[in-house]
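Below are the chains, spelled out letter by letter.
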Amino acid sequence: MQERVKPGPDFLAHGGVMGERIRHHDWLATPVGGIETWPHSLRTAVSIMLHSKFPTYMLWGQELTSFYNDAYAPVLGSKADALGRSFRDVWAEAWDTVGPIAEKALLGHASYFEDLPITLERNGYPEQTWWTFSYSPIHDETGGVGGVLCIVHDTTAKVLSERRLEFLVRLSDRLRGLNEPIEVITAAQEMLGQHLKTSRVGYGEVEETARFFTTERNWTDGTVAHQTGTHDLSAFGPGIHGALKRGETLVVHDASADPRTNLPEHLAAFAFLEFSAVVTVSLIKHGRMVAALYVHNREPRLWSPGEVKLIEDVAERTWDAVERLRSEAALRKSEERLQLALNAASVVGTWDWDIQSGLVYADERFASLYGVDPEAAAVGAPIEDFVSGIHPDDRSRVEQQIQRSLETGETLAAEYRTIDKNGQIHWVFAQGRCYSAAGQPVRFPGISVDITERKKAEEHRELLINELNHRVKNTLATVQSIASQTLRNADNPEAARSSMEARLLALSRAHDVLTRENWEGAGLIEIVRGAMAPYRHDRENRLHLEGPDVRLTPRMALAIAMALQELATNAVKYGALSNAVGEVHVAWFVKQSGEKRLHLTWSESGGPRVQPPQRRGFGTRLIERSLAQDLDGEVQITFAPSGVICTVDAPIERA
């Protein structure tokens, strides 16, 4: 017969919901008996348990009668009320794990476990969970063990998070070493299926209407058949199909109990594919569903939030890896076509910048332009080495163009200067394009063409144009002066016309010579012969030319041609060529003493006796002033009685 305990303080007061439930529970139907008969040790233990804010479970007696507080109630999930029931019955599915621990505590030995894995059925399905807990013996009035105090903490979310991150690291490491999209898909499916201990995993793509899903290969644990090929997503119902098209992750714990899937026609699709639980992650890219990763379980299964998050992460990483390989494959094909074109075009060099590593892989022709060791460029040299080979005056501009291409995807097309290892400057035209994968720039291949010769030609052409413009202006000024002076000094219109034509023809003949030489200069012999041609006759030998061929600049050639024209015109009118026996000698030589100088002499003989003119005419002034100025030298005309003598002494510029 049990001894009635004297009434004391209300040990259930302020015990929360469970305190009131304990107060009103029918304890007479349990091994512990009515509350009024409970020993002081039990009352104290219950009070401590109820007032704890930590999930606490208490077992009493050899029958392990269950008590728990408000904080522990959520741990039970949807299980039937455990209050007053035997611990063996409440957690029967886990008894093999926790039973020995409880029995050890009844013998007086406390235990502590951290992240202990336990499979529970607290929501109607087997669920893998992890717990950190301690089991401590509670001593009664006799000094023996009256019960067990269990303080527990559900660490499932923490463990799953850690395992998810660890798994994703291993997955990334494995996918990184693969070279084909199908290899990536196969590896991801296998790793995920084994990690989740599920029945089937598959990845596939969706055509543009987002209705038909095609998978080339899937993984199974052997309990279900492989299901490859094309499947109609609408067979699973408009609710599911619509959610997938919107990018919502589909989570079904039990197809027969889920209102979205429990219609007969939908269940038929699940039965055909041999699964009852599924998680399908829809991948939305560029505004539409393009692919999906599905995980099937043959039996109903409670998918935890951590498992769903893991499947979503694997789906994204699989997509990224597949797209990266496809981009690289397309890039390789593009590079092959590009290389064929480059070889055909005999371009200078090619490069391929691996943006992730910062290395540029280039051929010998490209590397030499930038002063980079070709052997280093062949195995990958830092991008900085090539940038430093760009001429300092062009570097900032080129770096800005490269950055803009990285950010916008625009094709890079730039002309700039480089400096090779010998300090030689080259002009190059560089063209390339940035390729991205999963929204990130990964490769930047291109070509560089050495356009140094073209640039030199352009500069030379520009120089010629400027020179031509200068010469045209000078020629126009000369024509204007000829016209003005001729008209001012002519005795009559006919004489003016004749003098004007002669002078313009002389100017034209000199221009013809320079034009044939692209205005780069002219030979003195050709200039002299051209100027004297109108006065030479096959039956006479009155003109004598003697001297080496000397290369003259366009300015010197024009000046000497005009001077010879004036001297010859004067000789025809008044000098050696005005009679039948007079002669003209034009002789020249080059003297090298410090600078290269031309000495040219015009001398007449056999003509009428010469009288010094009362005034200097335009022709004389043209020779003495304009010729001396254009030649940057000295010109002197002497009116000797035997004939006119003109001497020229001028430096020879390099033509």
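Residues numbered from 1 in each chain as written. Predicted model: local features only at pLDDT ≥ 70, side-chain atom pairs only at ≥ 80, totals over all residues. Heavy atoms only, no water.

Looking at the sheet that holds strand 5 (residues 145-154)
Sheet architecture is open: five strands sit in the order 2-1-5-4-3, paired in antiparallel fashion. Unpaired on one side and paired on the other, strand 2 (65-68) and strand 3 (111-120) mark the two borders of the sheet. Across the sheet, the mean angle from the axis of one strand to that of its neighbour is 30 degrees, orientation sign disregarded. Taken together, the eight bridges between strand 3 and strand 4 (residues 127-139) define a ladder with antiparallel strand orientation. Note on strand 4: the bridge partner recorded for Ser111 is Tyr135. Packing of helix 4 (residues 95-106) onto the sheet brings it into contact with strand 1 (56-60), strand 3, strand 4 and strand 5, and relative to strand 3 it is tilted by some 150 degrees. (Pairing = 2+ DSSP bridges. Helix = DSSP H or I, 4+ residues; strand = E, 2+ residues; numbered from the N terminus. Axes fitted to C-alpha atoms, helices over the stretch in contact; angles between N-to-C directions. Contact = heavy atoms within 4.5 Å.)

Brief notes about the side chain of Thr132
Looking at where Thr132 falls in the secondary structure, it is placed in strand 4. Residue Thr132 is classed as buried on the basis of its relative accessible area of 14%. At a separation of 3.0 Å, a polar atom in the side chain of Thr132 contacts the main-chain amide nitrogen of Asp115. Discounting residues that sit within four places of it in the chain, Thr132 has contacts with Tyr112, Phe113, Glu114, Asp115, Ile151, Val152, His153 and Thr155. (Buried < 20%, exposed > 50% of the residue type's maximum accessible area, 1.4 Å probe, protein only. Polar contact = N/O pair within 3.5 Å; in protein donor to acceptor, adjacent residues only side chain to side chain.)

Let's talk about the nonpolar core
By size, the foremost hydrophobic cluster in this structure holds 47 residues, and its most contacted members are Ile22, Trp38, Val46, Met58, Phe67, Phe87 and Tyr135. Ranked by residue count, the leading element in this core is helix 4, at six residues. What Phe87 contacts, discounting residues up to four positions off in sequence, is Tyr57, Leu59, Glu63, Leu64, Ser66, Trp95, Val98, Ala102 and Tyr135. Tyr535, Leu552, Leu600 and Val635 belong to the second-largest nonpolar core, a separate cluster that totals 41 residues. (Core = buried A, V, L, I, M, F, W, Y, C linked by side-chain atoms within 4.5 Å.)

Side note on empty space enclosed by the protein
All told, the structure shown has four cavities of 30 Å³ or more when counted by the stated rule. In this structure, the largest cavity encloses a volume near 260 Å³. Lining the largest cavity are 18 residues; nearest its centre among them are Leu233, Phe236, Thr280, Tyr294 and His296. Counting only elements with at least two residues in the lining of the largest cavity, the list comes to strand 7 (212-215), helix 7 (238-245), strand 11 (277-285) and strand 12 (288-297). Broken down by element, the residue count for the lining of the largest cavity peaks at four residues, all from strand 12. The residue makeup of the lining of the largest cavity, split by class, is 13 nonpolar, five polar and no charged. The calculated volume of the second largest cavity comes to roughly 200 Å³. Taken together, 16 residues form the lining of the second largest cavity, with Trp351, Phe366, Ile383, Ile402 and Tyr416 sitting closest to its centre. Among the secondary structure elements, those contributing two or more residues to the lining of the second largest cavity are strand 13 (349-354), helix 12 (383-387), helix 13 (392-408), strand 16 (412-419) and strand 19 (440-450). (1 Å grid on protein atoms, 1.4 Å probe; cavity = no way out; pocket = protein on both sides within 12 Å on 5 of 7 lines; lining within 4 Å. Points joined across faces, edges and corners; volume = space filled by probe spheres on them. Nonpolar A, V, L, I, M, F, W, Y, C, P; charged D, E, K, R; others polar.)

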